Amino acid sequence: MNKEIKAKIIQVCDAKIAAKGENVGLSFYAFFKNKNDNPELLMEVAQWWILENKLDHFEKAVKIKEMVKSLS
């Protein structure tokens, strides 16, 4: 994943955690607009989420944030 999407994922996770607490869950769709304007990037994140890491549809934001931070 490129650094822009990594930063976006961390930003979204931080915002969700701040708003709803550390038990908040999210899906990889949370990092994208409802309009699919970048299907290649969506598929890249989906592949990382589903195929590479075998994550459930909803995962804890704190878990995803730490996983993405470890990619840097």
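Refer to the structure printed above.
The model shown is predicted, which means the values in this text are computed figures rather than measured ones.

## Focus: the nonpolar core
Soluble globular proteins: nonpolar side chains tend toward being buried together.
Move 1: Formed by 20 residues in total, the largest nonpolar core has its most connected members in Leu-26, Phe-31, Trp-49 and Ile-64.
Move 2: Those elements that provide at least two residues to this core are helix H1 (3-20), helix H2 (39-52) and helix H3 (61-71).
Move 3: Considering each element in turn, this core owes the most residues, 6 residues, to H2.
Move 4: In contact with Trp-49, not counting residues within four places along its chain, are Leu-26, Ser-27, Phe-28, Phe-31, Lys-54, Leu-55, Asp-56, His-57, Glu-59 and Ile-64.

## Looking at the environment of Phe-31
Move 1: Position of Phe-31 relative to the elements: it lies in the loop between strand E1 (25-26) and H2.
Move 2: Of the residues examined, Phe-31 reaches a relative accessible area of 4% and is grouped as buried.
Move 3: For the pair formed by Phe-31 and Phe-58, sequence separation is 27 residues and the distance between their alpha carbons is 13 Å.

Thresholds applied
- Residues numbered from 1 in each chain as written.
- Predicted model: local features only at pLDDT ≥ 70, side-chain atom pairs only at ≥ 80, totals over all residues.
- Heavy atoms only, no water.
- Core = buried A, V, L, I, M, F, W, Y, C linked by side-chain atoms within 4.5 Å.
- Buried < 20%, exposed > 50% of the residue type's maximum accessible area, 1.4 Å probe, protein only.
- Helix = DSSP H or I, 4+ residues; strand = E, 2+ residues; numbered from the N terminus.
- Contact = heavy atoms within 4.5 Å.

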